[in-house]
Amino acid sequence: MVKHNHAIPNVHLKKHWGPLVKTFFNQPAKKKQRQVAREEKAAKIFPRPINYLRPIIRCPTQRYNMKTRYGRGFTLDEIKNAGLNPQYARSIGIAVDHRRQDMCLETRELNVKRLKSYLAKLILFPGKTTRKLAAKQQKAEPMTDAKKEDKKPRKMIVPEAPKEKLELPAAKEQSDEKKVLPVQEPKLREKPQTITPEMKGTKSFQKLRIERVKQRYAGVRKKRAEIAQKEAEEKATKDTSQ
């Protein structure tokens, strides 16, 4: 019941909420559609791997730099050190990121080693140009010894696999790994130890504070020591002159 001389209650609620609700009843159909698209893509690029080879990099900032993860692509320096060029690397399933720069020597060497191990395991099928040349040579007249000497073989960065290697079961399978050449980071866990009297006697916090102070004032103390040494040398030279 309304009392006193207040405003008459008239609540304005948004009663037409139906159009604002989003529904996803097509989720199972979309899932199936994505699966079919993946299968079609895999069949189209057979026998190439479905995913690209990615580098191993460190997470940014001091908080996460102890962890490793897969990057977008290899740097131009890493590709160059592995003996490849960016265009050719992309054609054999290696991801390249021209924007990324790696200043860490350890990470660069690790990624170069990763590239070389990938190239060692790679089974490269003959390309279109090689197949066309082979077909032309079969149709053409038999070459003389002089023509064979004049004709130089086509330079390949990664040699094409011979027929014996192409007949292996590994060459007829398609790699569907989510990450090409996956790397498992070792979990460093210390074994449980018995606490010794020496461990009980050490004051860890005090030791850390002392080392922190030493590091903080290292430059100032070094400068003071140099000034004191210089003054002592000047005083020694004066005493000898007298």
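Thoughts on the overall build of the chain
Alright, step 1. When its secondary structure is counted, the chain shows 12 helices and 2 strands.
Alright, step 2. Here the contacts in the chain between residues at least 6 apart in sequence split such that 67% fall between residues at least 24 apart.
Alright, step 3. When the accessible area of the chain is evaluated, it comes to approximately 22500 Å², of which 56% is carbon and sulfur surface.

So, a nonpolar patch on the surface
Alright, step 1. Taken together, the side chains of Val213, Tyr217 and Val220 define a hydrophobic patch exposed on the protein surface, amounting to about 230 Å² of accessible area.
Alright, step 2. For Val213, the location among the structural elements is in helix H11 (residues 204–216).
Alright, step 3. Residue class for Val213 comes out partly exposed when judged on its relative accessible area of 35%.

With respect to H11
Alright, step 1. Helix length check: H11 (13 residues) gives 18 Å between terminal C-alpha atoms against 18 Å at 1.5 Å per residue, within 8%.
Alright, step 2. Burial analysis of H11 places just 0 of its 13 residues in the buried class, a small minority of the element.

With respect to unusual backbone geometry
Alright, step 1. Residues Phe46 and Pro47 are joined by a peptide bond in cis, for which omega reads 5°.
Alright, step 2. The residue Pro47 is located in the loop between helix H1 (27–44) and strand E1 (56–58) in this model.
Alright, step 3. Of note in this structure, Thr61 is not a glycine but carries a positive phi near 70°.
Alright, step 4. Looking at the secondary structure, you find Thr61 in helix H2 (residues 61–64).
Alright, step 5. Look at Thr61 and you get exposed, because its relative accessible area is 53%.

A word on the pattern of salt bridges
Alright, step 1. Going through the model one piece at a time under the given rule, you end up with 4 salt bridges.
Alright, step 2. Close ionic contact of Arg99 with Asp97 constitutes a salt bridge, the shortest N to O distance being 3.3 Å.
Alright, step 3. Here Glu211 and Lys214 are joined by a salt bridge, their closest N and O atoms 3.9 Å apart. One end of the pair, Glu211, and the other, Lys214, are both in helix H11, 3 residues apart, so they sit about a helical turn from each other.
Alright, step 4. Classification of Glu211 as partly exposed rests on a relative accessible area of 43%.
Alright, step 5. It is possible to trace a salt-bridge network through shared partners that takes in Glu78, Arg100 and Asp102.

A few points about the side chain of Thr107
Alright, step 1. As for its position among the elements, Thr107 is in helix H5 (residues 105–121).
Alright, step 2. Of the residues examined, Thr107 reaches a relative accessible area of 11% and is grouped as buried.

Comments concerning the side chain of Thr75
Alright, step 1. Looking at the secondary structure, you find Thr75 in the loop between strand E2 (68–70) and helix H3 (76–81).
Alright, step 2. Contacts of Thr75, omitting those with residues within four sequence positions, involve Asp97, Arg100, Gln101 and Asp102.

Topic: the environment of Tyr88
Alright, step 1. Mapped onto the secondary structure, Tyr88 falls in helix H4 (residues 86–91).
Alright, step 2. In this structure the C-alpha to C-alpha distance between Tyr88 and Val158, which are 70 residues apart in sequence, comes to 9.5 Å.

Focus: the environment of Lys179
Alright, step 1. Note that Lys179 resides in the loop between helix H9 (169–172) and helix H10 (197–201).
Alright, step 2. Take Lys179: its relative accessible area is 35%, and that puts it in the partly exposed class.

Some thoughts on the environment of Leu110
Alright, step 1. Position of Leu110 relative to the elements: it lies in helix H5.
Alright, step 2. Judged by relative accessible area, which is 43%, Leu110 ranks as partly exposed.
Alright, step 3. For the pair Leu110 and Ile57, spaced 53 residues apart in sequence, the C-alpha to C-alpha distance is 9.3 Å.

Procedures and definitions
Residues numbered from 1 in each chain as written. Predicted model: local features only at pLDDT ≥ 70, side-chain atom pairs only at ≥ 80, totals over all residues. Heavy atoms only, no water. Helix = DSSP H or I, 4+ residues; strand = E, 2+ residues; numbered from the N terminus. Contact = heavy atoms within 4.5 Å. Areas by Shrake-Rupley, 256 points an atom, 1.4 Å probe, with all protein chains shown as cover. Patch = residues over 30% accessible without salt bridge, like charges linked within 9 Å, V, L, I, M, F, W, Y side chains within 5 Å. Salt bridge = Lys/Arg side-chain N within 4 Å of Asp/Glu carboxyl O. Buried < 20%, exposed > 50% of the residue type's maximum accessible area, 1.4 Å probe, protein only. Expected span 1.5 Å × (residues − 1).

The quantities given are spatial measurements derived from coordinates; they are silent on function.
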